[in-house]
Amino acid sequence: MMNLKIIRLIGVASVLSAIWLAQAAEEASPKTAGKNEPNMYQEKFMKRAIEIPRTALTTPGTEPFGAVIVLNGKIVGEGLSRALATLDVTSHGEIEAIRDANRRLKRLDLSDCEIYTSCEPCPLCVAAIGIARLKKMYYAAARDECSKAFAALPPNGRFETKVDALFAEERAPVDRRKMPAEQKLSTESFEVLKAWALERKAGLSK
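No experiment lies behind these values; they were computed from the predicted model shown. Each chain carries its own residue numbering, running from 1 in the direction its sequence is written. Local features in a predicted model are, by the rule used here, given only for residues with pLDDT of at least 70; side-chain atom pairs are given and counted only at 80 or more, and totals for whole chains, interfaces and linings are based on all residues. The side-chain figures draw on all heavy atoms in the structure; neither hydrogens nor water molecules are used.

## Digging into the pattern of salt bridges
Consideration 1: For this analysis, a salt bridge means a side-chain nitrogen from Lys or Arg found within 4 Å of a carboxyl oxygen belonging to Asp or Glu. Following the criterion strictly, the structure yields 12 salt bridges and no others.
Consideration 2: As a salt-bridge pair, arginine 107 and aspartate 112 come within 3.1 Å of each other at their nearest N and O atoms.
Consideration 3: In this structure aspartate 112 comes out as partly exposed when scored by relative accessible area, which is 31%.
Consideration 4: Taking the shortest distance from any N to any O, the salt bridge between arginine 143 and glutamate 120 comes out at 3.6 Å. A residue pair is termed long-range when its members are at least 10 positions apart, and arginine 143 in helix H6 (residues 143-149) and glutamate 120 in the loop between strand E3 (114-119) and helix H5 (123-132) qualify at 23 residues.
Consideration 5: We classify glutamate 120 as partly exposed; its relative accessible area is 25%.
Consideration 6: Salt bridges sharing partners connect three or more residues here, namely Asp88, Glu96 and Arg99. For each residue, the accessible area found with a 1.4 Å probe, counting protein chains only, is set against the maximum for its type, and the residue is called buried under 20%, exposed over 50%, and partly exposed in between. Starting at the N terminus, helices and strands are each numbered in turn, a helix being any DSSP run of H or I of at least four residues and a strand any DSSP run of E of at least two.

## Quick word on the sheet that holds strand E1 (residues 63-71)
Consideration 1: Read across the open sheet, the 4 strands follow the order E2-E1-E3-E4; overall the sheet is mixed. The strands lining the two open edges of the sheet, one partner per strand, are strand E2 (74-81) and strand E4 (136-141). Averaged over all adjacent pairs, the angle separating strand axes in this sheet is 15°, with direction ignored.
Consideration 2: At least two bridges found by DSSP between two strands is the condition for calling them paired. By the bridge criterion, 7 bridges tie E1 to E2 in an arrangement that is antiparallel. Its bridge partner being in E2, alanine 67 is matched across the sheet by glycine 79.
Consideration 3: Whether two residues touch is decided by their heavy atoms; if any such pair falls within 4.5 Å, the residues are in contact. Helix axes are fitted only over the stretch in contact, all axes being lines through C-alpha atoms; the angle between N-to-C directions runs from 0 to 180 degrees. Across the face of the sheet, helix H4 (residues 93-105) comes into contact with E1, E2 and E3 while running at roughly 140° to E2.

Right, dumping it as structure tokens:
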């Protein structure tokens, strides 16, 4: 009789243990079914990033490059390339989206945000995305696809960004770049930098 009770107790313990393990596994696994997680790709944002540059078809001074910044499942920044309209060579879709997000969120650090862009970014935008500390990027058209799409344009069709050449220049030391550069008045400039850092340090300590 005692052995039978022990066997029954062991059986009950095994069942309870299995139930507990199943519950623990369920709690540990990501619950993604039927939900839009804030930090996961959502196609509606990519579609929006592609819809923005579509307006360039009818808006003078713009080009078909767009981007959106997303925070916790909501768009907090949008941008369209307006370089010709604003006479600003830095007015790329990603840059404008970052500027918009900075203004809306009232901060520079976008490390909790993601960027959706209609085209693989150029070196300027890669740098801006890194400076803004965006945590992830989703892009649509690749650089070679962009080149194919613009192949029909004449040389004066747009103010071209020579992406490959810029990437090469960016990687090279300043004294080995194609654009000539000379260093002048480094001591005076250093003094300004140092003075600002000290003033900044003093202000933070108050």
